[in-house]
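Okay, here's what each chain looks like letter by letter:
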Number of protein chains: 2
Amino acid sequence: MTVRQDVHSDDIPVLCQSCEARHRGVCGALDPDQLVALARSSSKHKVEPGAELMGDAEAIHSYSNVLSGVVKLTKTLSDGRQQIVGLQFAPDFLGRPLKAENVISAEAATAVSLCSFPKVTIERMMKESPGFERRLFSQALSELDEARGWMVTLGRKTASEKVATFLLMIARNIDPTRDPAVNFAAFDLPLTRADIADFLGLTIETVSRQLTRLRTDDVIRIENNRHVTVENLSRLERRSGA
Amino acid sequence: MTVRQDVHSDDIPVLCQSCEARHRGVCGALDPDQLVALARSSSKHKVEPGAELMGDAEAIHSYSNVLSGVVKLTKTLSDGRQQIVGLQFAPDFLGRPLKAENVISAEAATAVSLCSFPKVTIERMMKESPGFERRLFSQALSELDEARGWMVTLGRKTASEKVATFLLMIARNIDPTRDPAVNFAAFDLPLTRADIADFLGLTIETVSRQLTRLRTDDVIRIENNRHVTVENLSRLERRSGA
DNA sequence: AGCCAGCCTTGATCTCGGTCAATGCCGTAT
DNA sequence: ATACGGCATTGACCGAGATCAAGGCTGGCT
């Protein structure tokens, strides 16, 4: 019986199966013993769209892997204006290492399943396993690159470029059949129009108008307000403002 | 003779004296032997405002500590629209670990002095000294927090809130006499109006108009286009949109 | 089926910030 | 001292996107 089988046996929680399969998963860097220890302390949850993550005192002391669904990271000004500052897709890691406080709040955008670990366990593994810390470091740097990319979109792109850029990003992250060589994408939007507006620094109405324009220009099709089909990705790219 | 004296003796380059003195410096986490090795491979430069850093093939293979001055990190769209995605103040660390390519370019905003290290040396020390990697990790996370903070400013604040927010950030980073308890600040702007515009997602003219408004409302004084005095910081904070 | 609530779309109008253009200021070189 | 070049300010006007205000789908409920 191998350790991997141990990890996935019934008497201990399953350790985020996606971790070792996909690029940004965070557990692949652990050795078998650590993997078992981490799995023993882990717990899986499902939460509904709209649920506040890391909100209660409990969650503030834990980290999670996103197993499925989309989590939005938001910041809110005192008068209620809101900005989404990041989206976490499976198998991203959720939580802010090396600091207790967090001015960012996390909320489930869709139905989300999570695998949570106690903060102390993760922090011990960071110390014990340099590869694990490296992995977290690497994810933080990717998130930094992404955040800076969105700064350009927020600061310098027009409304229609913003919406096109957003759709391309979603296609890259969600479309299950996504193949970069192929000029086609289809996916369910994980965000409402209000969320998209909060992500792009626009209003609901502007997002809606830009989507209809893309629709009437035959760049995309939308069914049931959620399901988007991009027949011609390169035309969408041309509208995203490079 | 102590190692520290070695490091600062004349026959090898001085190792970023600021590193151990100020909070975000990156060399404080090294042990004495490593400090000497790093210092031996380091080289100091002074560059003029406007100089492209990391532009040439040489610089792409090195990391630097910013010893003085301000470096702007920019991203540019294909049609020339530009966005400043970060500012590095002394003693920040400059360079993108764990990845060869960098889509961000760095430029001296003011006169800048740098202490550069070969990429390979830094990467070896990251492996050898967990505290050093932790320090870089920690800076990356701070930069991520900052970037996300600016996303809110770019996406959700008005022009006048943006300018107020910018001035407060500069005061926090530059004002040599800065004391958080005191309701006053004075500093030289490290950026031109064009740079401020590229940072805030505005035009030169709007930046200028907002600065004159702050001036006529007696929130700030400006001498010689560069030197800013904030007599009443909390009034500026009230205009920054929380 | 029919109703209701929550999103989403569409239209009319307004406004903030962008654009275009002229002028002013300051530091440097002649 | 003057002239020049680069940055900054100011004004007049315009337009992209916000705001305000109706409706329209759609999915869940009785």
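Predicted model, so just to flag it, every value in this text is computed and none were measured.

Caption draft 1: Examining the relation of the copies chain B and chain A more closely. With an RMSD of 0.0 Å, chain B superimposes on chain A once it is rotated by 180 degrees and translated 0.0 Å along the axis. Taken together, the rotation and translation relating the two chain copies correspond to the operation of a two-fold axis.

Caption draft 2: Structural detail: the pairing of strand E7 (residues 105-108) of chain A. All names here are of chain A. Inspection of the sheet shows strand E2 (residues 52-53) paired to E7 by two bridges, in the antiparallel sense. By the bridge assignment for E7, Glu52 is matched with Glu107. Alignment of strand E4 (residues 70-76) against E7, held across four bridges, turns out to be antiparallel. Directly across from Thr74, in E7, lies its bridge partner Ser105.

Caption draft 3: Inspection of the protein's contact with DNA strand D at higher detail. Near DNA strand D you find 18 residues, and of these A:Ala159, A:Thr206, B:Arg193, B:Ser208 and B:Thr212 are the closest. For DNA strand D, the backbone portion of the atoms within 4 Å of the protein, that is sugar and phosphate, comes to 67%. When contributions to the surface near DNA strand D are tallied by element, the ones reaching two or more residues are helix H9 (204-216) of chain A together with helix H8 (193-200) and helix H9 (204-216) of chain B. Looking at side-chain class alone, the surface near DNA strand D contains four nonpolar, nine polar and five charged residues.

Caption draft 4: Representation of the confidence of the model for chain A in the model. Residue and element names in this part refer to chain A. Scored by pLDDT, chain A comes out at a mean of 86, with 86% of its residues at no less than 70. Low confidence marks residues 1-14, where pLDDT is under 50. Its contacts with residues over four positions away, or in another chain, come to 21 contacts. Here residues 20-24 is a poorly scored stretch, pLDDT under 50, and it has 12 contacts once near neighbours within four places are set aside; other chains count.

Each value, and the rule that gives it
- Residues numbered from 1 in each chain as written.
- Chains lettered and ligands numbered in written order.
- Predicted model: local features only at pLDDT ≥ 70, side-chain atom pairs only at ≥ 80, totals over all residues.
- Heavy atoms only, no water.
- Least-squares fit on C-alpha atoms with pLDDT ≥ 70 in both.
- Pairing = 2+ DSSP bridges.
- Helix = DSSP H or I, 4+ residues; strand = E, 2+ residues; numbered from the N terminus.
- Near = heavy atom within 4 Å.
- Nonpolar A, V, L, I, M, F, W, Y, C, P; charged D, E, K, R; others polar.
- pLDDT = per-residue confidence, 0-100.
- Contact = heavy atoms within 4.5 Å.

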